[in-house]
Amino acid sequence: MTVSIAGPVLVLGGARSGKSAFAEKLVENSGLPMHYLATGRAFDDEMRERIAHHRAARSGRGWTTHEEPLDLVGQLRRIDAPDRAVLVDCLTLWVTNLMMEGRDIAAEFSALAAFLPEARSRLVFVSNEVGLGIVPENRMARHFRDHAGRLHQVVAEKSAEVYFVAAGLPLKMKG
Amino acid sequence: MTVSIAGPVLVLGGARSGKSAFAEKLVENSGLPMHYLATGRAFDDEMRERIAHHRAARSGRGWTTHEEPLDLVGQLRRIDAPDRAVLVDCLTLWVTNLMMEGRDIAAEFSALAAFLPEARSRLVFVSNEVGLGIVPENRMARHFRDHAGRLHQVVAEKSAEVYFVAAGLPLKMKG
Amino acid sequence: MTVSIAGPVLVLGGARSGKSAFAEKLVENSGLPMHYLATGRAFDDEMRERIAHHRAARSGRGWTTHEEPLDLVGQLRRIDAPDRAVLVDCLTLWVTNLMMEGRDIAAEFSALAAFLPEARSRLVFVSNEVGLGIVPENRMARHFRDHAGRLHQVVAEKSAEVYFVAAGLPLKMKG
């Protein structure tokens, strides 16, 4: 199937839901030059393995990869161009990084919200839905899922399409 | 949009999913006098802050607030009246309170199920979906999510409409 | 309602979501002889109670029960027959058992994927969606939810219908 991306797209899903593969397919079907903005940082072997696994899966398929753990909005502005698709994978890792560095989360979210309507690239955001389990006992984890939930609302509001992915299957929530 | 509420409505969602804002909009669009039944109790500053935040968001918009952590069904019966909307926020905090006080959960759920078809108010229930993460190691947490899941089934069965909210977007499950 | 089952069906849902009851109804409405393949093993009283509760709920409704915690694919092959419905409850307990016994998970998933298109029985799989909460601190729990997510993608791809159940209500994701 060919899917045209008319505005920002948000792809939400759980762990191993197939959300990234779905988002990559969206971009690959757009026919546009493909840019991948990775927000993840490897802190241990498990993460290094995951990042390498994802990179390998994209290799040879024509993606240009950028890595930016913190200044997501600045990086999006720097690579913004018409007739270009940019996949951001993922928003939840960006939130984690902002929290670890003690950044002003509300200001970052506002900056992203302000950028979205101006973007000339076709943006696709991947993020983990993390708010559907028991309240975490860990205070940082509670703050993290609050931030993530708020960010999803901010991005969804400015997005043309929102998908919830489970078992590799997309459910359209908006668009 | 104007939404008519023909029978009980259940609004399920995760943490920071926008479920309460969606439920409030449903009630505000009904054009009926608006009653808010808060089940939460503040045990620490974090909760006091959340309750105050929600209250402030409703302030000046014409809501009458009631607080009842345990006797939800009794309170619903006391304020029940035709041409009145009552928003209950939220069922999961009610379950928490019932557990903490050692109440007969099954009896409470049955009493609520019995009341729903008789209610003359337009009822809107908000609740947290908490069963989509890993099985909690904590035994109380396991019991809590079992109770919450059962209650959602009971209320959904008697409801005219059921919504699942993620990223601020409602997905209609029933109605 | 009568529901015809044309190929494998996957029923995903959270804890106490009503997923098993929905799957049982699918099979009971098929009009076919009903086989129940239980993958769970009781390790403590809580689990023994749950298994007994589910068994009691099926009793007197004409189900033949099989128990197989590990060799799911072998057991499915042994009882495979046309004009027969087989309900597997549930995939997540199977994954747990495979992990505890140190089995080759990838090989087991491949064997199941290979069997699905050949099956002559009408297969209905129940499984817990466990990937929508905070990343678990426990390493085994992280691996478990990764395996479960991958298995759901494998089974969903080969299934004719996929449902997500919440509050007892099915949402069709595929079919």
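As shown above, the structure is provided for reference.
Values in this document were obtained by computation on a predicted structure and should not be read as measured data. (Residues numbered from 1 in each chain as written. Chains lettered and ligands numbered in written order. Predicted model: local features only at pLDDT ≥ 70, side-chain atom pairs only at ≥ 80, totals over all residues. Heavy atoms only, no water.)

## Things to note about the pairing of strand β1 (residues 9–13) of chain A
Residue and element names in this part refer to chain A. With respect to burial, β1 is a largely interior element, five of its five residues being buried. Where burial is concerned, the two faces of β1 agree: the one with V9, V11 and G13 and the one with L10 and L12 are both buried. Relative to strand β6 (residues 161–166), β1 is paired through five bridges, and the arrangement is parallel. Looking at β6, one finds that G13 is bridged to V165. Relative to strand β5 (residues 122–128), β1 runs parallel, the two being bridged by five bridges. Counted as the bridge partner of G13 is N128 from β5. (Buried < 20%, exposed > 50% of the residue type's maximum accessible area, 1.4 Å probe, protein only. Helix = DSSP H or I, 4+ residues; strand = E, 2+ residues; numbered from the N terminus. Pairing = 2+ DSSP bridges.)

## Observations regarding the relation of the copies chain A and chain C
Overlaying chain A on chain C yields an RMSD of 0.0 Å, the required transformation being a rotation through 120° with an accompanying axial translation of 0.0 Å. The two molecules are tied by a three-fold rotation axis, judged by turn and shift. No C-alpha of chain A lies nearer the rotation axis than that of G133(A), which sits 2.5 Å from it. (Least-squares fit on C-alpha atoms with pLDDT ≥ 70 in both.)

## Regarding the sheet that holds strand β3 (residues 63–67) of chain B
Residue and element names in this part refer to chain B. Across the sheet, seven strands lie side by side as β3-β2-β4-β5-β1-β6-β7; this open sheet has mixed pairing. One side of each edge strand has no neighbouring strand; the edge strands of this open sheet are β3 and β7 (169–174). Direction aside, the axes of adjacent strands within the sheet are offset by 20° on average. As judged from the five bridges shared by strand β2 (residues 34–38) and β3, these two strands associate in the parallel manner. Among the inter-strand pairings, L37 is bridged to a residue of β3, identified as H66. In this fold helix α1 (residues 19–28) packs onto β1 (9–13), β2, β3, β4 (85–89), β5 (122–128), β6 (161–166) and β7, with an angle of close to 175° to the strand it touches most, β5. (Axes fitted to C-alpha atoms, helices over the stretch in contact; angles between N-to-C directions. Contact = heavy atoms within 4.5 Å.)

## Observations regarding the interface of chain A and chain C
Each partner contributes residues to the interface: chain A has 24 residues there, and chain C has 22 residues. Taken over both partners, the interface formed by chain A and chain C buries close to 1700 Å², and the fraction arising from carbon and sulfur atoms is 63%. Viewed at the interface, chain C and chain A are joined by three salt bridges. E46(A) serves as the salt-bridge partner of R139(C), at 3.3 Å between the closest nitrogen and oxygen. (Buried area = accessible area lost by both parts, 1.4 Å probe. Salt bridge = Lys/Arg side-chain N within 4 Å of Asp/Glu carboxyl O.)

## Describing the environment of V88(A)
Residues and elements named next belong to chain A. The residue V88 is located in strand β4 (residues 85–89) in this model. Overall, the relative accessible area of 0% leaves V88 in the buried class. Here the alpha-carbon distance between V88 and H66, two residues 22 residues apart in the chain, equals 9.5 Å. Apart from residues no more than four positions distant in its own chain, V88 is found in contact with L37, T39, L72, L76, V124, F125 and V126.

## So, the interface of chain B and chain A
At the junction of the two partners, chain B supplies 24 residues and chain A supplies 21 residues. When chain B packs against chain A, close to 1700 Å² is buried across both sides, 63% of that on carbon and sulfur atoms. A per-residue breakdown of the area chain B buries against chain A is headed by R16(B), A167(B) and L169(B), which together make up 34% of the total. Taken together, the links from chain B to chain A amount to three salt bridges. A salt bridge links R142(A) to E46(B), with the shortest nitrogen-to-oxygen separation between them at 2.9 Å. Where chain B meets chain A, there are seven residue pairs in polar contact (both at pLDDT 80 or more). Of the residues assigned to the side of chain B that touches chain A, the class counts are 11 nonpolar, eight polar and five charged. (Polar contact = N/O pair within 3.5 Å; in protein donor to acceptor, adjacent residues only side chain to side chain. Nonpolar A, V, L, I, M, F, W, Y, C, P; charged D, E, K, R; others polar.)

Worth remembering: the numbers are spatial, not functional.
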